[in-house]
Amino acid sequence: MDTDSNKIIDEVTQGDYKYGFVTDIETEFAPRGITEETVRYISTKKNEPGFMLEFRLKAFRHWLTMTQPKWAHLTIDPINFQDIIYFAAPKKKENLEKLDQVDPELLATFNKLGISLEEQKKMTGVAVDAVMDSVSVKTTFSETLSKYGIIFCSFSEAVQKHPDLIKQYMGSVVPYTDNYFAALNSAVFSDGSFCYIPKGVRCPIELSTYFRINAANTGQFERTLIVAEEGAYVSYMEGCTAPQRDENQLHAAIVEIVAMKDAEVKYSTVQNWYPGDKNGKGGIYNFVTKRGICKGNNAKISWTQVETGSSITWKYPGCILLGDNSVGEFYSVAVTNNHQQADTGSKMIHLGKNTRSIIISKGISAGKGQNSYRGLVKVTKNAINSRNYSQCDSLLLGSQCGAHTFPYIQVGNKSSVVEHEATTSKISEDQLFYCQQRGIDTESAIGLIVNGYAKEVLKQLPMEFAVEAQKLLSISLEGSVG
Amino acid sequence: MLLSIKNLHASINGKEILKGVNLEVNNGEIHAIMGPNGTGKSTLASVIAGRDVFETTSGEILYKGKNLQKLSIEERACEGIFLGFQYPVEIPGVSMTNFMRTAVNEIRKYKGLDALSGSEFIKLMEEKKKLVEITSNLTNRSVNEGFSGGEKKKNEIFQMAMLEPMLAILDETDSGLDIDALRIVANGVNKLRRPDNAFVVITHYQRLLDYIVPDFVHVLYEGKIVKSGGKELALELEDRGYDWIKKELGE
Ligand SMILES: Nc1ncnc2c1ncn2[C@@H]1O[C@H](COP(=O)(O)OP(=O)(O)O)[C@@H](O)[C@H]1O
Ligand SMILES: [Mg+2]
């Protein structure tokens, strides 16, 4: 592209972050740094049963033997793990059962973010679990859901009320030995959501967790576990934001999904952690391990993600396709603007016969952003007649950004077919001129073109999320504030 | 006067393409611009629309008496300048409906009008589709994506109908059309004709001018309008080609 249109695009892609406010709220912290004492402190604070402390300590000891991975296409400033506060909680009133007992500052924060915690506003038809810093603030709709036998609550509450389920499934898809950040999370995770859909139940509403980092110098380590029993169905959404700060903050989460025979789980994420400023100062380091297992035959897990935030994103939501005829899907839009870096993709592990997977990845780079797709498709010897289709597209806005593709493909039998397609394109001056000639200004034109490019992924999102995601995509590339 | 171009010089990458164009267009008129390939017809259209890859080195363009120099591409569009593209671009994933709704509402915003609601917009779109005889579901498809040559050109006319410009410049909208499509394009223009608007039709072919009768015909040659006349000039060009004009110019 010529320098003129690069200049235009550069100007309009210098967006500002509009969720960067800080809530002034009394917070309780763990001492800075991490030792066995920190791990015990967290477990004690949460009044956990013995098996939890044991799990955490094993994970911590394992973590000590590991080193931070370096294989990703990312430039990461050294992280001082002793300088992080591993547990921060809004100081609680004794009992949060009723909404009017939730701190009004907290309610105001979530309202500001467009998240209604007031169950009266049932019109939205979305059940929300709101997690601020390390603690779940409020889960809405739990009572309605319990009529169906559905459990939707914070992870901490599940540990107290459903320890058997937690014991059975926690770490069964992402063991603490999985990787460096999974081990760290397993040692210090604070809260998150738990969701259990019993046999044959279709969850009647969208479930959603909203994560918010508020306190400074604090890491957020949340953990989500979703179990769908035979023939169950659930659609789950996750959103995240953080205040604007000069230092980098660490976020290392784990999501585990278990889908039994004939079950289906749809997991959608709109990730909008603070991306850092235009010069690359600050921003969230987002190291996430997300994995699902299709345990029974005909199970299906689908991941949809719209990643616009974080200064560094490192995540590869994947599926282990164990059951015969099971299906794994991954749809992703990742935006890197200014100095953001993303190394993201998917892992599809085919173990069962006739298993199918699809990967649609759309990278968008602007400014000095670096965007890598990294994906593994592995078809084992016994996974006969399996299929994968991967499509990885990159869109470049401007000339200083980068897009990279690292596909790894291993096929262990002859009856399976794996296809991989990759394209790289730019927004052309022709396209911009065409839009502008119709009265559409450059910013809106880029928004339109980018949303068109990402359409295949956006249409996978639940309605409630799709509109927000579309706006976010435009905003994260435009100069508009608010 | 709607448009007045005086001694316009424009270049791209230091290469001069327009070398002193003069043109005056009044409200209610239809002008045809003809001329061999590569003489600057599309460039002239782009420069009027404000495309910034071209640099205006001297001369001026007055539109409704105002100098266009300071207006951006989209401001010119909002002021009523429409360009029917010789090569309409594809915008994957963006539906025509969404594209047009954005355009219509941006222009309304510029004029200080409220945005059209979803249903008002659909009604307008159906009306205009009928007007320009578009029966297919072009509007559900992505902008120009996978459109045939003829569909792309009809789509330009449809957009013109939607945006109701004051000055429409149609760049070879007739090229590559069969006779039915040609008639549809021409009818579109004739139906949209009003005493206060004007059309500049760039074409190679006299046959379009059987349907759209021009008030003036101009020949653009090597970056200048070298001859102007009435509709008979088009017939003469069809008959004799451009060589006699070159001779007249002493080449
Ligand atoms: N984007 C461009 N870059 C370089 N040269 C161009 C560009 N567009 C047009 N030109 C040149 O300008 C001249 C006039 O082109 P054009 O206006 O398209 O002619 P016409 O429409 O009369 O066929 C040609 O020599 C062409 O090569
Ligand atoms: Mg041309």
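Rules of the game
Residues numbered from 1 in each chain as written. Chains lettered and ligands numbered in written order. Predicted model: local features only at pLDDT ≥ 70, side-chain atom pairs only at ≥ 80, totals over all residues. Heavy atoms only, no water. Contact = heavy atoms within 4.5 Å. Buried area = accessible area lost by both parts, 1.4 Å probe. Salt bridge = Lys/Arg side-chain N within 4 Å of Asp/Glu carboxyl O. Polar contact = N/O pair within 3.5 Å; in protein donor to acceptor, adjacent residues only side chain to side chain. Helix = DSSP H or I, 4+ residues; strand = E, 2+ residues; numbered from the N terminus. Expected span 1.5 Å × (residues − 1). Buried < 20%, exposed > 50% of the residue type's maximum accessible area, 1.4 Å probe, protein only. Axes fitted to C-alpha atoms, helices over the stretch in contact; angles between N-to-C directions. Left-handed = near helix turned anticlockwise from the far one by under 90°. Nonpolar A, V, L, I, M, F, W, Y, C, P; charged D, E, K, R; others polar. pLDDT = per-residue confidence, 0-100. Pairing = 2+ DSSP bridges. Donors = N, O, S within 2.8 Å, 3.2 Å for Na, K, Ca; no water. Phe/Tyr/Trp six-rings, centres within 6.5 Å; stacked < 30°, edge-to-face > 60°. Lys NZ or Arg CZ within 6 Å of the ring centre and 35° of its normal.

Visitor: Whenever I open this one, the interface of chain A and chain B confuses me. Can you help?
Guide: Many analyses report the size of an interface as the accessible area lost when the parts associate. Chain A puts 22 residues into the contact, and the matching count from chain B is 32 residues. Where chain A abuts chain B, roughly 2,300 Å² becomes buried across the two surfaces, and 62% of that area is made up of carbon and sulfur atoms. Contact with chain B buries area across many residues of chain A, yet Phe433, Tyr434 and Arg438 of chain A alone supply 34% of it, more than any other trio. Viewed at the interface, chain B and chain A are joined by three salt bridges. Note that Arg51 of chain B is salt-bridged to Asp430 of chain A, the shortest N-O span being 2.8 Å. For the interface between chain A and chain B, the tally reads 13 residue pairs in polar contact (both at pLDDT 80 or more).

Visitor: Which parts of the structure should I look at to understand helix 3 (residues 96–110) of chain B?
Guide: It helps to recall that an α-helix has 3.6 residues per turn; residues three or four apart then point in one direction. Residue and element names in this part refer to chain B. The terminal C-alpha atoms of helix 3 lie 21 Å apart, and with 15 residues this matches the ideal 21 Å at 1.5 Å per residue to within 8%. Three or more residues of helix 3 are buried, namely Met96, Thr97, Phe99, Met100, Thr102, Ala103, Val104, Asn105, Glu106 and Ile107. Phi turns positive one or two residues past the end of helix 3, at Gly112, with a value near 80°.

Visitor: Just to check I follow, could you spell out the packing of helix 3 (residues 50–64) of chain A against helix 8 (residues 180–188) of chain A for this structure?
Guide: The angle between the axes and the distance between the axes are what describe a pair of packed helices. All names here are of chain A. Remark: helix 3 packs on helix 8, axes separated minimally by 7 Å, with the N-to-C direction vectors making an angle of 145°. Judged by the sense of rotation from one axis to the other, the crossing of helix 3 with helix 8 is left-handed. Contact residues: helix 3 offers Phe55, Arg56, Ala59, Phe60 and Trp63, while helix 8 offers Tyr180, Ala183, Leu184, Ser186, Ala187 and Val188. Of the residues belonging to the contact of helix 3 with helix 8, the class tally is nine nonpolar, one polar and one charged.

Visitor: Explain the pattern of salt bridges to me, please; I cannot follow it from the model alone.
Guide: Should the charged atoms of two oppositely charged side chains come close, the side chains can pair. Taken as a whole, this structure holds 33 salt bridges over all chains when the rule is applied. Residue Lys152 of chain B pairs with Glu90 of chain B through a salt bridge whose shortest N-O separation is 3.6 Å. Here Glu90 of chain B lies in the loop between strand 6 (81–84) and strand 7 (91–95) and Lys152 of chain B lies in helix 5 (residues 149–163), a separation of 62 residues in the sequence. Classification of Lys152 of chain B as buried rests on a relative accessible area of 18%. We classify Glu90 of chain B as partly exposed; its relative accessible area is 33%. For Glu164 of chain B, the salt bridge identified is with Lys128 of chain B, shortest N-O distance 2.8 Å. Of the two residues, Glu164 of chain B sits in the loop between helix 5 and strand 9 (167–171) while Lys128 of chain B sits in helix 4 (residues 118–131), which places them 36 residues apart along the sequence. On the basis of relative accessibility, which here comes to 44%, the residue Glu164 of chain B falls in the partly exposed class. Using a relative accessible area of 8% as the deciding quantity, one classes Lys128 of chain B as buried. Several salt bridges converge on common partners, so that one network encompasses Glu36, Arg40 and Arg61 of chain A.

Visitor: How should the confidence of the model for chain A be read in this particular structure?
Guide: Residue and element names in this part refer to chain A. Here chain A averages 85 in pLDDT, and 80% of its residues register 70 or above. Counting contacts from residues 93–99, a segment whose pLDDT is below 50, to residues more than four positions away or on other chains yields 13 contacts. The model gives residues 119–124 a pLDDT under 50, and that stretch makes six contacts with residues more than four places away or in other chains.

Visitor: How should unusual backbone geometry be read in this particular structure?
Guide: With the exception of glycine, the majority of residues adopt a negative phi angle, and the majority of peptide bonds are in the trans configuration. Phi is positive for Asn7 of chain B, which is not a glycine, with a value near 45°. Relative to the assigned elements, Asn7 of chain B resides in strand 1 (residues 3–12).

Visitor: What is the right way to read the sheet that holds strand 9 of chain B from this model?
Guide: Pairing between sheet strands relies on hydrogen bonds along the backbone, with the strands arranged either parallel or antiparallel. Residue and element names in this part refer to chain B. Pairing within the open sheet is mixed, and its six strands lie in the order 6-9-10-3-11-12. Only two strands of the sheet have a single neighbouring strand rather than two, namely strand 6 and strand 12 (224–229). The mean inter-strand angle of the sheet, taken between neighbouring strand axes irrespective of direction, is 20°.

Visitor: Which parts of the structure should I look at to understand the coordination of the magnesium ion (ligand 2)?
Guide: Each pair of donors in an ideal octahedron of six around a metal sits at 90 or 180 degrees, and each pair in an ideal tetrahedron of four sits at 109.5 degrees. Those donors, Ser42 of chain B (OG) and Gln86 of chain B (OE1), are the protein atoms that reach the magnesium ion (ligand 2), and they lie 2.0 to 2.2 Å from it. With Ser42 of chain B in helix 1 (residues 41–49) and Gln86 of chain B in the loop between strand 6 and strand 7, this pair connects stretches of sequence that are 44 residues apart.

Visitor: Please explain the packing of aromatic side chains as it appears in this structure.
Guide: All names here are of chain A. Taken as a whole and assessed by the stated rule, the structure comprises 22 aromatic pairs over all chains. Seen from their ring centres, Tyr285 and Phe287 are 6.2 Å apart, and the 85° between their planes marks the pair as edge-to-face. Judged by relative accessible area, which is 6%, Tyr285 ranks as buried. A cation over an aromatic ring shows up here: Arg202 above the ring of Tyr233, its NZ or CZ 4.1 Å from the ring centre. Sitting over the ring of Phe406, Arg374 keeps its end group 4.6 Å from the ring centre.

Visitor: Would you mind going over the environment of Val94 of chain B with me for this structure?
Guide: As for its position among the elements, Val94 of chain B is in strand 7. Those residues within four positions of Val94 of chain B in sequence are excluded, and the remaining contacts are Leu448, Ile449 and Gly452 of chain A together with Phe99, Arg141, Ser142 and Val143 of chain B.

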